[in-house]
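Commentary on secondary and tertiary structure
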Amino acid sequence: MIYHRPIQIEFNHCDPAGIVFFPRFYEMVSSVCENFHRDVGGLSYAQMMAAQQGVPTVRVETDFHAPVRLGQTLLRPHKVRFPCDQCGLQVHDPDAVHCKACGNLLCIPDEGR
Ligand SMILES: [Zn+2]
């Protein structure tokens, strides 16, 4: 299952140059997680907290590849479904050579193979 939630980049996300201030990405990730649990799991964070439940974040690792500017919309990146036979990770970048989770060599078929 892939959860999809576009995010419109607003003025409050950006620095004076009109580029997203990088800590804002973590707020966006947090927002997507909260909405995912409400939309898919059927429980809001308020309901979860009232039930003394939660979704702790233990570790976050981020690679920044390009600046994101005011007015852009963040969409789910294009991924291909190809299960890693070592760890089971289901989705990868279309041009991935190695699994990002375990480093296993992948052989994702494309139109040229
Ligand atoms: Zn793997």
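Refer to the structure printed above.
The paragraphs below set out a description of the structure included in this document.

**Regarding the overall build of the chain**
Check the secondary structure of the chain and you find two helices and four strands. Ordered by position in the sequence, the α and β elements of the chain form the string β-α-α-β-β-β. A compact globule built from 113 residues should have a C-alpha radius of gyration of about 13 Å, whereas the chain, at 17 Å, is more than 25% larger. Summarising its shape, the C-alpha atoms of the chain cover approximately 45 × 40 × 25 Å along the three principal directions. By the burial criterion, 4% of the 113 residues in the chain qualify as buried. Residue pairs in contact within the chain that sit at least 24 positions apart in sequence constitute 38% of those at least 6 positions apart.

Conventions we followed
- Residues numbered from 1 in each chain as written.
- Predicted model: local features only at pLDDT ≥ 70, side-chain atom pairs only at ≥ 80, totals over all residues.
- Helix = DSSP H or I, 4+ residues; strand = E, 2+ residues; numbered from the N terminus.
- Rg over C-alpha atoms; globule rule 2.2 N^0.38 Å.
- Buried ≥ 20, exposed ≤ 12 C-beta atoms within 10 Å, placed from the backbone.
- Contact = placed C-beta atoms within 7 Å.

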